[in-house]
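Breakdown of the fold
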Amino acid sequence: MAQWEMLQNLDSPFQDQLHQLYTNSLLPVDIRQHLAVWIEDQNWQEAALGNDDSKATMLFFHFLDQLNYECGRCSQDPECLLLQHNLRKFCRDIQAFPQGPTQLAEMIFNLLLEEKRILIQAQRAQLEQEEPALEAPVESQQHEIESRILELRAMMEKLVKSISQLKDQQDVFCFRYKIQSSARTSSLDPHQTRQQQLLQETLNELDKRRKEVLDASRALLGRLTTLIELLLPKLEEWKVQQQKACIGAPLDGGVELIQLEKWFTDGAKLLFHLRQLFKELKGLSRLVSYQDDPLTKGVDLQEAQVTELLQRLLHRAFVVENQPCMPQTPHRPLILRTGSKFIVRTRLLVRLQEGNESLTAEVSIDRNPPQSQGFRKFNILTSNQKTLTPEKGQSQGLIWDFGHLTLVEQRSGGSGKGSNKGLLGVTEELHIISFTVKYTYQGLKQELKTDTLPVVIISNMNQLSIAWASVLWFNLLSSNPQNQQFFSSPPKAPWSLLGPALSWQFFSYVGRGLDRDQLSMLKDKLFGKNSRNECALLSWADFTKRESPPGKLPFWTWLDKILDLVHDHLKDLWNDGRIMGFVSRSQERRLLRKTISGTFLLRFSETSEGGITCSWVEHQDDDKVLIYSVQPFTKEVLQSLPLTKIICHYQLLTEENIPENPLCFLYPRIPRDEAFGCYYEDKVNLQERRKYLKHKLIVVSNRQVDELQQPLEPNLEPEVESSELHPGLAPGLEEGLGLEPLLQAGLDLGPPLEPMLEPTLGMVLQRVPKPNLGPELKLNPIQEAISQPVPEPEPEPEPDLPHDLRHLNTEEMEIFRNIMKIEEIMPNGDPLLADQNTVDEAYVFHPSHFYTDGPLIPSDY
């Protein structure tokens, strides 16, 4: 869309500005509208600001031709009489301009610039109406900076042209002065008198031009100062954003560093250029100097201001682009380990480098260490310098990548390793890495320095978790990024800051943050009775050291273990919202008691180190509501068997030892297979099926009759009772599977289960009474399809039992003796699930380790 067309669509306040602009202009608004397309297609900037007047002259005559052409067209239309009159009048007016083509080009160029300024203001006002009042539109601010840089370039070109004209004027004065000085005629000679008058007029004109140049440079310097005042806060915003991003905060769409580099470079180019122009003005002043010369003092003062602005800009432009980080822990920067390599990157946002000058950055640590007892000191191994050649600087930017730095602790007392016996712990000690560059450009020499955010230096990876808590607490609460004594008296944290930071940990490491309900549970766990108090504060000790609940884990240790568990084993389930996670037991009961039997949810254990448990509800015939919770699954369990398979194949043995899966609906009422089906689809390998009987690992829990009568906790609601079921996998994985019952029963445990273990058919067809072992691993063999039916086993002799079960007495077996068959116990077959019917049951195979008549049906389990 053409610029003039966009101006016609503005609101009335901006239309008024446009009318005011053309009221004070020699260009009539109707001619601007009639010739809008042609005017906007011409390069008025080059004609007005270029050093070649021929371009302005050529454009001037083209404009006259265009006016005459349009005037001829309007003469044929009586309705265009007023436009025809204005065209003729403007054509006569511009031919009478004192400076002719140049004055026309400058006038139209300035008009177009003012139009663009009005457009930007209108766009900014529109964005402010769409966005919240407290949040300034980022895009609008970027447009403002871009427009200012464009305007400054135009002013700079105009100043360059003015200085060029000043040089020409001074050359004329010097020429006339030499002629006047060499003249030997009498001072009463009329010709000599006229020459003196002409020389004085030339000097007056020279003085006037010098003042005009100084005024123009002063205005340009003021605009440059305003630009720098806009850029520096943008850099501070980026630094704050980087600090928050280090602890997991998502990027909020702020300005990027590459954009800042472009702006800083543009600003520095203008300042260096202005500095060079001042040198030229000082040279002109040395050639021709007179009393009250404006260049004598004015140039020196403005040059000092430019140098000060450049120094300020350069020192702030040297930044740490990527904070120190070990390659093995990219999600936890600012934690370094002695003897391990770490990487860090610095960048100079002013991308200006001399063609023959290499820039060397030097790194050091704790340049000004705190004077506290026991504060550890470190040395940087490998080279502490990095040199940037002009070739790399031009192609990649002024970037110094330190990729092979290593820290080693200084020895204390002359021998032995360094030790920390100070007031602060190792993970509360903060260290700062510093960088120095000696920068030279166009004769300006500066030593630039920048520092990283404070880092925590550990000696063992088991300190990583608590070290990250220190990094989190510091960057969340410290107002001074260089405060190395922060943990000598750490401030307390309000929930308004801590809550989002905890959500960031899951968002950055796993992919999905915490919702309102999950944060509410964590708030109650941290603040207890004060959780409803908006002004409540949490201390550093309560966050990392106080056991919650008493006798258990500190809060941060508990949360960090859960974070690792989710990242390593539950990432997809967490990101898809299948895990409720942070829900208290009381809230769990309130949720489940209102649902149908078989509804379950997944929550993190509040007492174990990185455990997730499954709880479900059962409604009894006497209206009693029972809540069951499985013993938490930790990473040791989930390494062997994914949680999705545990949920799919979980079996609960009733008092009659009939297995069933009580997990039917994921809260609130999503069928289990619909919620988890996409995770546990097994791929069938036909080649393997011809070789082996397939087996699967399942989790089985025993339900005791006496367990159903005992509530889990004495303070439950009257209608809610809870029982703990303890699942397990292979023997030895879970604590609490004591060997005493096994030894008393005379059962030989044999070697540990192997992945390629091939269960025998006897394990499926026979049932042997076992002592109550609690949770155990079941291997359900699934036979390949057999064309002939499997005959029913004869009473005598007994089938061969596995080696480790042959010594057991099978005479007391009751359920599977020949006098009692499965059909007598379950005449209607396996019980139906909540979403099945009798028609579906006929076509769905449910694998079971009970013996049934007929052939074994192939299965994909």
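Now for a description of the structure that goes with this document.

Rules used in this analysis
Residues numbered from 1 in each chain as written. Predicted model: local features only at pLDDT ≥ 70, side-chain atom pairs only at ≥ 80, totals over all residues. Heavy atoms only, no water. Helix = DSSP H or I, 4+ residues; strand = E, 2+ residues; numbered from the N terminus. Buried < 20%, exposed > 50% of the residue type's maximum accessible area, 1.4 Å probe, protein only. Contact = heavy atoms within 4.5 Å. Areas by Shrake-Rupley, 256 points an atom, 1.4 Å probe, with all protein chains shown as cover. Core = buried A, V, L, I, M, F, W, Y, C linked by side-chain atoms within 4.5 Å. Pairing = 2+ DSSP bridges. Phe/Tyr/Trp six-rings, centres within 6.5 Å; stacked < 30°, edge-to-face > 60°. Lys NZ or Arg CZ within 6 Å of the ring centre and 35° of its normal. Expected span 1.5 Å × (residues − 1). Polar contact = N/O pair within 3.5 Å; in protein donor to acceptor, adjacent residues only side chain to side chain. Salt bridge = Lys/Arg side-chain N within 4 Å of Asp/Glu carboxyl O. Axes fitted to C-alpha atoms, helices over the stretch in contact; angles between N-to-C directions. Parallel < 35°, antiparallel > 145°, perpendicular 65-115°, else oblique. Nonpolar A, V, L, I, M, F, W, Y, C, P; charged D, E, K, R; others polar. Left-handed = near helix turned anticlockwise from the far one by under 90°.

On to the overall build of the protein chain. From N to C terminus, the protein chain includes 28 helices and 22 strands. Expressed as a percentage of its 861 residues, the buried residues of the protein chain come to 44%. Residue pairs in contact within the protein chain that sit at least 24 positions apart in sequence constitute 72% of those at least 6 positions apart. As displayed, the protein chain offers around 45,600 Å² of accessible surface, 50% of which is attributable to carbon and sulfur atoms.

Here the focus is the nonpolar core. Judged by nonpolar contacts, the single largest core of 156 residues is most densely connected at Phe543 and Phe582. Looking at this core, the element that brings in the most residues is helix H10 (residues 190-246), giving 15 residues. For Phe582, the residues in contact, after removing those within four places along its chain, are Phe506, Leu514, Asp517, Gln518, Met521, Leu522, Trp558, Leu559, Ile562, Trp574 and Phe604. Counting residues in hydrophobic clusters, the runner-up holds 42 residues, among them Trp38, Cys74, Leu87 and Ala154.

This paragraph deals with the pairing of strand E5 (residues 378-381). Of the two faces of E5, the one lined by Phe378 and Ile380 is fully buried and the one lined by Asn379 and Leu381 carries no buried residue. Where E5 meets strand E7 (residues 398-409), four bridges bridge the pair, whose relative direction is antiparallel. When the bridges of E7 are listed, Asn379 appears paired with Val408.

Counted according to the given criterion, the structure contains 26 aromatic pairs. Judged by centre distance (6.1 Å) and plane angle (90 degrees), the ring pair of Trp495 and Phe527 falls under edge-to-face. You can see Trp495 sitting in helix H15 (residues 495-509) and its partner Phe527 sitting in helix H16 (residues 516-527), a full 32 residues away along the chain. For Trp495, a relative accessible area of 15% puts it in the buried group. On the accessibility criterion, Phe527 (10% relative accessible area) is buried. Each ring, one from Phe506 and one from Phe582, has its centre 5.6 Å from the other, and the planes form 85 degrees; the classification is edge-to-face. Here the residue Phe506 occupies a position in helix H15, and Phe582 occupies one in the loop between helix H19 (571-575) and helix H20 (585-592), the gap between them amounting to 76 residues. Taken as a pair, Phe506 and Phe582 share a single burial class, namely buried. The lysine or arginine in question, Arg512, covers the ring of Trp574, its NZ or CZ lying 5.2 Å from the ring centre.

In this section: H16. Between its first and last C-alpha, H16 extends 16 Å over 12 residues, near the 16 Å set by a 1.5 Å rise per residue. Of all the residues in H16, the buried ones are Gln518, Leu519, Met521, Leu522, Lys523, Lys525, Leu526 and Phe527. Where H16 is buried, its residues meet strand E11 (493-494), H15, strand E12 (537-538), helix H18 (555-569) and H19. Two to three positions downstream of the cap, the backbone nitrogen of Asp517 sits 3.2 Å from a side-chain oxygen, assigning the N-cap of H16 to Asp515. Phi for Gly528, located one or two positions after H16, is positive at around 60 degrees.

Here the focus is the pattern of salt bridges. Summed over all chains, the structure comprises 33 salt bridges. Put simply, Arg210 and Asp293 hold a salt bridge, and the shortest N to O gap is 2.8 Å. One end of the pair, Arg210, is in helix H10; the other, Asp293, is in the loop between helix H11 (257-287) and helix H12 (294-317), and 83 residues separate them in sequence. Both residues of the pair, Arg210 and Asp293, belong to the buried class. Salt bridges sharing common partners tie together Glu261, Glu321, Arg345, Arg347 and Asp401.

Further remarks concern the sheet that holds E7. Spatial strand order, E1-E3-E7-E5: four strands in an open sheet with antiparallel pairing. Each edge of the sheet is formed by a strand with only one pairing partner; in this case those strands are strand E1 (318-325) and E5. Across the sheet, the axes of successive neighbouring strands diverge by a mean angle of 35 degrees, strand direction being ignored. Both strand E3 (residues 341-348) and E7 contribute to a ladder of seven bridges, which runs antiparallel. Pairing of Lys341 across the sheet is with Thr406, part of E7. Sitting on the sheet, H12 is in contact with E1 and E3, with an inclination near 10 degrees to E1.

This part is about the packing of H16 against H18. Running from N to C, H16 and H18 point in directions that differ by 155 degrees, and their axes come no closer than 11 Å. Taken together, the axes of H16 and H18 are roughly antiparallel relative to one another. For the pair H16 and H18, contact is made by Met521, Leu522, Lys525 and Leu526 and by Phe555, Trp558 and Leu559, respectively. When grouped by side-chain class, the residues that make up the contact of H16 with H18 number six nonpolar, no polar and one charged.

Backbone torsion omega between Tyr667 and Pro668 reads 5 degrees, so that peptide bond is classified as cis. Along the chain, the position of Pro668 falls in the loop between strand E18 (665-666) and strand E19 (670-671). Positive phi outside glycine occurs at Leu334, with the angle close to 70 degrees. Topologically, Leu334 is positioned in the loop between E1 and strand E2 (335-337). Since its relative accessible area comes to 0%, Leu334 is described here as buried.

Our next topic: the packing of H11 against H12. When two helices pack together, their arrangement is given by the angle between the helix axes and by the axis-to-axis distance. Put simply, H11 and H12 touch, their axes get as near as 9 Å, and they point 155 degrees apart. In this view, H11 runs roughly antiparallel relative to H12, as classed from their interaxial angle. Note that H11 runs across H12; the crossing there is left-handed. Of the residues in H12, those in contact with Phe264, Gly267, Ala268, Leu271, Phe272, Leu274, Arg275, Phe278, Lys279, Leu281, Lys282 and Ser285 of H11 are Leu295, Thr296, Val299, Asp300, Gln302, Glu303, Val306, Thr307, Leu309, Leu310, Leu313 and Ala317.

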